[in-house]
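Results of the structural survey
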Amino acid sequence: NAVSNFASFTPLSMLIITLFGFGIMDKSGYLDSLFYVLTKKANKKVVTFVLSLVCILSSIGGDLSYVILIPLSALLFKYGKRHPKAGIICAFASLSCGIGINVFMNSIDSTLLGYTKIGANLLIKDYSIGTLSYVLIMLICAIALALINTSITEKVIVPRLGKYEFINEKEDYLTKREKKGLLVS
């Protein structure tokens with residue numbers, strides 16, 4: 001049953017399809033041009049923070065978030081002239097943190113919110129909590145975790161990885177054809 005198990009494993013099939021798409025976008029130069037435009041004037045810590053926050057907030061996608069965001073973050077760091085492994089580590093840590101923090105309520109969260117309300121009513125009889133309170137708490141936690149992940153990535157992980165050797169150093173500008181292709185896409 002090894003072949004059927006391999007073929008029916010959903011994350012693997014999604015991974016293969018996603019990596020084909022990323023490969024095409026990478027070889028065509030689309031990702032290089034897009035990430036160059038997005039990161040050319042951005043602070044490295046801001047890019048890391050935004051990546052971390054997006055990964056935390058994308059936890060609603062489940063396994064698909066891991067499949068899409070980890071290779072994409074490696075390419076984001078690579079084209080931002082940084083070590084791709086730092087992007088992979090940051091994305092994986094942020095996605096793992098995001099499992100418990102979900103700004104968008106799902107069925108598990110609504111059940112847990114009910115249990116929280118029952119537990120709070122043991123202390124305060126007329127206590128009530130709404131979904132807006134839940135969203136606010138989770139949003140604050142997501143931002144705090146993104147800041148922590150950014151700090152750990154920038155202060156601990158990036159220095160330990162050392163300098164990354166880029167094989168093809170491209171000039172830091174876009175040609176007219178690249179700008180037109182990016183605009184059209």
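So, here is what we can say about the structure in this document. (Residues numbered from 1 in each chain as written. Predicted model: local features only at pLDDT ≥ 70, side-chain atom pairs only at ≥ 80, totals over all residues. Heavy atoms only, no water.)

A word on the overall build of the protein chain
Within the protein chain one finds 9 helices and 0 strands. Listing the helices and strands of the protein chain from first to last along the sequence gives α-α-α-α-α-α-α-α-α. Taken along the three principal axes of its C-alpha coordinates, the protein chain extends 65 × 50 × 35 Å. A buried classification covers 31% of the 185 residues belonging to the protein chain. Residue pairs at least 24 apart in sequence account for 77% of intrachain contacts in the protein chain once pairs closer than 6 positions are excluded. A total accessible area of about 12,100 Å² is found for the protein chain, and carbon and sulfur atoms account for 68% of it. The positive charge centre, built from 19 side chains, and the negative charge centre, built from 11, are 4 Å apart in the protein chain. (Helix = DSSP H or I, 4+ residues; strand = E, 2+ residues; numbered from the N terminus. Buried < 20%, exposed > 50% of the residue type's maximum accessible area, 1.4 Å probe, protein only. Contact = heavy atoms within 4.5 Å. Areas by Shrake-Rupley, 256 points an atom, 1.4 Å probe, with all protein chains shown as cover. Lys, Arg positive; Asp, Glu negative; His and termini not counted. Charge placed at Lys NZ, Arg CZ, Asp CG, Glu CD.)

A few points about the environment of Lys44
You can see Lys44 is positioned in helix H4 (residues 44–57). Along the chain, Lys44 and Gly80 lie 36 residues apart, while their C-alpha atoms are 8.3 Å from each other. Apart from residues lying up to four places away in sequence, Lys44 is in contact with Arg82 and Glu154.

So, unusual backbone geometry
Look at Lys81: it is not a glycine, yet its phi comes out positive at around 60 degrees. Its place among the elements puts Lys81 in the loop between helix H5 (63–79) and helix H6 (84–98). A relative accessible area of 36% means that Lys81 is categorised as partly exposed.

Concerning the packing of helix H2 (residues 10–28) against H5
At a minimum axis separation of 9 Å, H2 and H5 run at an interaxial angle of 25 degrees. Relative to H5, the element H2 lies roughly parallel. Here H2 runs over H5; the crossing is right-handed. In this structure, H2 uses Pro11, Met14, Leu15, Thr18, Leu19, Phe22 and Asp26 to contact H5, whose residues at the interface are Asp63, Leu64, Val67, Ile68, Pro71, Leu72, Leu75 and Tyr79. Its residues assigned to classes, the contact of H2 with H5 comprises 12 nonpolar, 1 polar and 2 charged. (Axes fitted to C-alpha atoms, helices over the stretch in contact; angles between N-to-C directions. Parallel < 35°, antiparallel > 145°, perpendicular 65-115°, else oblique. Left-handed = near helix turned anticlockwise from the far one by under 90°. Nonpolar A, V, L, I, M, F, W, Y, C, P; charged D, E, K, R; others polar.)

Some words on the packing of aromatic side chains
All told, the structure shown has 2 aromatic pairs when counted by the stated rule. Their ring planes at 40 degrees and their centres at 6.4 Å tell us that Phe35 and Tyr79 sit as a pair that is tilted. You can see Phe35 sitting in helix H3 (residues 30–39) and its partner Tyr79 sitting in helix H5, a full 44 residues away along the chain. The residues Phe35 and Tyr79 share a single accessibility class, namely buried. (Phe/Tyr/Trp six-rings, centres within 6.5 Å; stacked < 30°, edge-to-face > 60°.)

A closer look at helix H8 (residues 131–161)
For H8, which comprises 31 residues, the first-to-last C-alpha distance of 42 Å matches the rise-based estimate of 45 Å (1.5 Å per residue) to within 8%. Taking the largest bend as the criterion, H8 deviates by roughly 35 degrees, centred on Thr153. (Expected span 1.5 Å × (residues − 1). Bend = angle between axes of the 7 residues up to and from the residue.)

Quick word on the environment of Ile68
Position of Ile68 among the secondary structure elements: in helix H5. Sequence separation of Ile68 and Met14 is 54 residues, and the distance between their C-alpha atoms is 8.8 Å. The residues contacting Ile68, other than those within four sequence positions of it, are Thr18 and Phe22.

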